[in-house]
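Descriptive structure summary
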Amino acid sequence: MTELILDGEQTIYQVRDTYLQLKSIMNESKGLSLSLPQIQECDCAFVQLLLWVKQEAERQQQPLHFLQPPAALVELVSLLGLSDVLFAPNQEMLNG
């Protein structure tokens, strides 16, 4: 399983580069852990990227872990009504 640490800003301005990085990892890996606690700012474009990652992991039948999502991301996902999709109880979201 590959772990990728995302940090700083993850907004519409960075999502393309992050997408290309994730796409490459998803094609070469047997699973993905996204370490998220160092993200300082994010927007809806990043949430769309997380939805794509989740869909791609399911399509490839690979494990996916969101590690320590920051409160701002959890709140944004909740405001968009996507908590059950991204951070559902059966989704592995590790806080420790």
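To keep things clear, this report deals only with the structure shown in the data block. Along every chain, residues carry numbers that run from 1 in the direction the sequence is written. Confidence filtering applies because this is a predicted model: local features only for residues at pLDDT of at least 70, side-chain atom pairs given and counted only at 80 or more, and all residues used for totals across whole chains, interfaces and linings. Remark: hydrogens and water are excluded; side-chain values derive from all non-hydrogen atoms of the structure.

Another point: the overall build of the protein chain. Counting its secondary structure elements, the protein chain contains four helices and four strands. We count a stretch as a helix when DSSP gives it H or I for four or more residues in a row; a strand needs E for two or more, and each element gets its number in order from the N terminus. In sequence order, the secondary structure elements of the protein chain are arranged as β-α-β-α-β-α-α-β. For this measure, only C-alpha atoms enter the radius of gyration; the expected value for a globule follows 2.2 Å times N^0.38, where N is the number of residues. Over its C-alpha trace the protein chain gives a radius of gyration of 12 Å, about what one expects of a compact globule, namely 12 Å for 96 residues. Buried, partly exposed and exposed residues are distinguished by accessible area as a fraction of the type maximum, computed with a 1.4 Å probe on protein chains only: under 20%, between the cut-offs, and over 50%, respectively. Among the 96 residues that make up the protein chain, the fraction classed as buried is 44%. Residue contacts are counted whenever heavy atoms from the two residues lie within 4.5 Å of one another. Considering only intrachain contacts with a sequence separation of at least 6, the fraction spanning at least 24 residues in the protein chain is 80%. A total accessible area of about 5,700 Å² is found for the protein chain, and carbon and sulfur atoms account for 48% of it. Here the protein chain contributes 5 positive and 12 negative side-chain charges, whose respective centroids are spaced 13 Å apart. In this description, accessible areas are obtained by the Shrake-Rupley approach with a 1.4 Å probe, and a residue is regarded as covered only by the protein chains that are shown. Counted charges follow a simple rule, with Lys and Arg positive, Asp and Glu negative, and His plus the chain ends left uncounted. Taken as the charge location is NZ of Lys, CZ of Arg, CG of Asp or CD of Glu.

Time to look at the packing of helix α1 (residues 15-28) against helix α2 (residues 44-59). Closest axis-to-axis distance for the α1/α2 pair is 11 Å, and the angle between their directions is 10°. Classed by the angle they form, the pair α1 and α2 counts as roughly parallel. On the side of α1, the interface is formed by V15, T18, Y19, L22, K23 and M26, while α2 contributes A45, F46, L49, W52, V53, E56 and A57. By the convention adopted, Pro, Cys, Tyr, Trp, Phe, Met, Ile, Leu, Val and Ala count as nonpolar, Lys, Arg, Asp and Glu as charged, and the other residues, Gly among them, as polar. Across the contact of α1 with α2, the residue classes tally to ten nonpolar, one polar and two charged. Simply put, an axis is a line fit to the C-alpha atoms, just over the touching stretch for a helix, and the angle between two N-to-C directions goes from 0 to 180 degrees. When an angle is under 35 degrees it counts as roughly parallel; over 145 it counts as roughly antiparallel; between 65 and 115 it counts as roughly perpendicular; any other value is oblique.

Moving on: the nonpolar core. In terms of nonpolar packing, the biggest core is built from 26 residues, with L32, L34, L36, F46, F66 and L73 touching the most fellow members. Contributing elements (two or more residues each) for this core: β1 (2-10), α1, β2 (32-42), α2, β3 (64-67) and α3 (71-79). If one sorts the elements of this core by residue count, α2 sits on top with seven residues. Excluding residues within four positions of it along the chain, L32 makes contact with M1, T2, L4, L22, I25, M26, V53, P63, L64 and H65. The nonpolar core is taken to be a set of buried Ala, Val, Leu, Ile, Met, Phe, Trp, Tyr and Cys residues, with the residues joined through side-chain atoms within 4.5 Å.

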